[in-house]
Amino acid sequence: MWVHRRPGWRLKESAATDESVYLNRRQLVAGIAAGSMLLPQAAQAQRVTDDPSAKLYPVKRNEKYKLDRPLTDEKEATTYNNFYEFGTSKSIVRAAQELKIRPWTLKIAGMVEKPFDIGIDDLLAKMPLEERLYRHRCVEAWAMAVPWSGFPLKALVDLAKPLGSAKYVVMTTFMDPSVAPGQKQFFYPWPYVEGLTVAEATNELAFIATGIYGKPMPKQNGSPLRLAVPWKYGFKSIKSIVKLEFSDKRPTSYWEAAQGSEYGFWANVHPAFPHPRWSQESERMLGTNERVPTQVFNGYGEFVGDLYKGLEKERLWA
Ligand SMILES: Nc1nc2c(c(=O)[nH]1)N[C@H]1C(S)=C(S)[C@@H](COP(=O)(O)O)O[C@H]1N2
Ligand SMILES: [Mo]
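All of the points below concern the structure found in this document. (Residues numbered from 1 in each chain as written. Chains lettered and ligands numbered in written order. Predicted model: local features only at pLDDT ≥ 70, side-chain atom pairs only at ≥ 80, totals over all residues. Heavy atoms only, no water.)

## Considerations on the overall build of the protein chain
For the protein chain, the count of helices and strands is nine helices and 12 strands. Across the 318 residues that make up the protein chain, the buried fraction comes to 55%. Expressed as a percentage of contacts within the protein chain between residues at least 6 apart in sequence, the contacts between residues at least 24 apart total 73%. (Helix = DSSP H or I, 4+ residues; strand = E, 2+ residues; numbered from the N terminus. Buried < 20%, exposed > 50% of the residue type's maximum accessible area, 1.4 Å probe, protein only. Contact = heavy atoms within 4.5 Å.)

Written as structure tokens, this is what we have:
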């Protein structure tokens, strides 16, 4: 995932992240006081969090969404990231901790009955939270399988009350170069924007993830609101959303604006449509590095295949 001016994907793949970022500082101090740095596993795993939604998790798993492969190791899925706001490498965990996730306001705008703002904690209290096991396939050909917590995007669309004339849902990431140094790079079309048709957004698979592995979403994975559309390439799954706008015009999404010859609006996964610079026939699982064949719609054709009937002339596959 790069434009020719920024060969970020060629950077080292090792996502070595200093675990100390995650240690609960009080436990760390207590550990030192007790004369031992050997914290129990559970304490090691516990992340520092300024996220007041922690008490909401874990949420009940919806067993309808099955995986064909083992879950990716939590450490891998939460330390190997794409979040260009914080840098073009995969190791942006530390930089992303600068993001302030409270207060956090989501703007509902555009073609709706009545535009409104809603605070993240009010929204979380209104939405039907559940856990889903989903695959994730980055256009760069790495993949993972993770337990997201969150709610169907349809529940949020219903809350927003779009007008019948709205055709697209346009989502936007926060814009603040003072916390996200990547946004100082003028040749990227900030802020990050993504869009779905209203039909896609209300498909049962479209999910707003607010947590992962039974805990609130880490900042590096797109806290506090992040899209998960597992039949599309990963770049559609926009992170840290601040605005949901309804429109009758198709938006130009971030990667389309950055490199339209390589990334399109629909970006549905298909093994037989190569990226101009690499094959999409297989993918590499984070953690195990196992190579597995890529599937049409990332294996979710039974849910979403009907969405594209009559659109065969479009560039449906990234
Ligand atoms: N705002 C924003 N959202 C983003 C990105 C980004 O750079 N900025 N990267 C996308 C890409 S290319 C992928 S593969 C996924 C990565 O999500 P993860 O880091 O949680 O695995 O986030 C997507 N959402
Ligand atoms: Mo990606």
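## As for the site of ligand 1
Taken together, 18 residues are adjacent to ligand 1, and Tyr84, Glu85, Arg226, Ser237 and Lys239 come closest. Contact between ligand 1 and Tyr84: an oxygen atom at 2.7 Å from a main-chain N or O atom of the residue. Ser237 places a polar main-chain atom, nitrogen or oxygen, 2.8 Å from a nitrogen atom of ligand 1. The protein chains hide 100% of the 530 Å² of surface that ligand 1 would expose on its own. (Near = heavy atom within 4 Å. Polar contact = N/O pair within 3.5 Å; in protein donor to acceptor, adjacent residues only side chain to side chain. Areas by Shrake-Rupley, 256 points an atom, 1.4 Å probe, with all protein chains shown as cover.)

## Some remarks on the environment of Asp158
Inspection of the secondary structure puts Asp158 in helix 6 (residues 153–160). Expressed as a C-alpha distance, the spacing of Asp158 and Thr202, which sit 44 residues apart in the sequence, is 8.9 Å.

## Some remarks on the sheet that holds strand 10 (residues 241–247)
Pairing is mixed across the open sheet formed by five strands, whose spatial order is 2-1-10-5-6. Looking along the sheet, the strands with just one partner apiece sit at the ends: strand 2 (116–119) and strand 6 (193–197). Between one strand axis and the next, the sheet turns through 20 degrees on average, direction left out of account. (Pairing = 2+ DSSP bridges. Axes fitted to C-alpha atoms, helices over the stretch in contact; angles between N-to-C directions.)

## Structural notes on the pairing of strand 1 (residues 105–110)
Here four bridges tie strand 1 to strand 2, and the two strands are oriented antiparallel to one another. Across the sheet, Ile108 pairs through a bridge with Phe116, a residue of strand 2. In this antiparallel pair of consecutive strands, strand 1 and strand 2, the connection spans five residues. Bridge count for strand 1 against strand 10 is four bridges, and the pairing is parallel. Bridged to Ala109 within strand 10 is Glu245.

## A closer look at unusual backbone geometry
Leaving glycine out, the prevailing phi sign among residues is negative, and the prevailing peptide bond configuration is trans. Trp190 connects to Pro191 through a cis peptide bond whose omega is -5 degrees. Relative to the assigned elements, Pro191 resides in the loop between strand 5 (168–173) and strand 6. In the segment running from Ser223 into Pro224, the intervening peptide bond is cis, with an omega of -5 degrees. For Pro224, the location among the structural elements is in the loop between strand 8 (215–216) and strand 9 (226–228). Residue Asn289 is not a glycine yet carries a positive backbone phi of 60 degrees.

## Structural notes on the pattern of salt bridges
Tallied over the entire structure, the rule returns 20 salt bridges. Of the charged contacts, one joins Glu74 and Lys215 as a salt bridge, the two residues approaching to 2.7 Å between their closest N and O atoms. Placement of Glu74 in helix 3 (residues 74–77) and of Lys215 in strand 8 is noted, with a sequence separation of 141 residues between them. Assessed through its relative accessible area of 23%, Glu74 is described here as partly exposed. Lys215 sits in the partly exposed class, given a relative accessible area of 26%. With a closest N to O distance of 3.3 Å, Asp248 and Lys249 form a salt bridge. (Salt bridge = Lys/Arg side-chain N within 4 Å of Asp/Glu carboxyl O.)

## Here's the deal with the packing of aromatic side chains
Applying the stated criterion across every chain yields a total of 27 aromatic pairs. Between Trp190 and Tyr254, the aromatic rings sit 5.1 Å apart at their centres with planes inclined by 40 degrees, giving tilted as the arrangement. Of the two residues, Trp190 is situated in the loop between strand 5 and strand 6 and Tyr254 in helix 8 (residues 254–258); the sequence distance between them amounts to 64 residues. With respect to class, Trp190 is no different from Tyr254; both count as buried. Between Tyr192 and Tyr254 the ring centres are 4.4 Å apart and the planes differ by 20 degrees, which places this aromatic pair in the stacked class. Taken together, the positions of Tyr192 in the loop between strand 5 and strand 6 and Tyr254 in helix 8 put the pair 62 residues apart, joining distant regions of the chain. The pair formed by Tyr192 and Tyr254 is uniform in burial state, with each residue classed as buried. Put simply, the rings of Tyr84, Phe186, Phe187, Tyr188, Trp190, Tyr192, Phe235, Tyr254, Trp255 and Tyr263 touch in pairs and so form one group of aromatic residues. Taking the ring centre of Tyr300 as reference, the NZ or CZ of Arg135 above it sits at 4.4 Å. (Phe/Tyr/Trp six-rings, centres within 6.5 Å; stacked < 30°, edge-to-face > 60°. Lys NZ or Arg CZ within 6 Å of the ring centre and 35° of its normal.)

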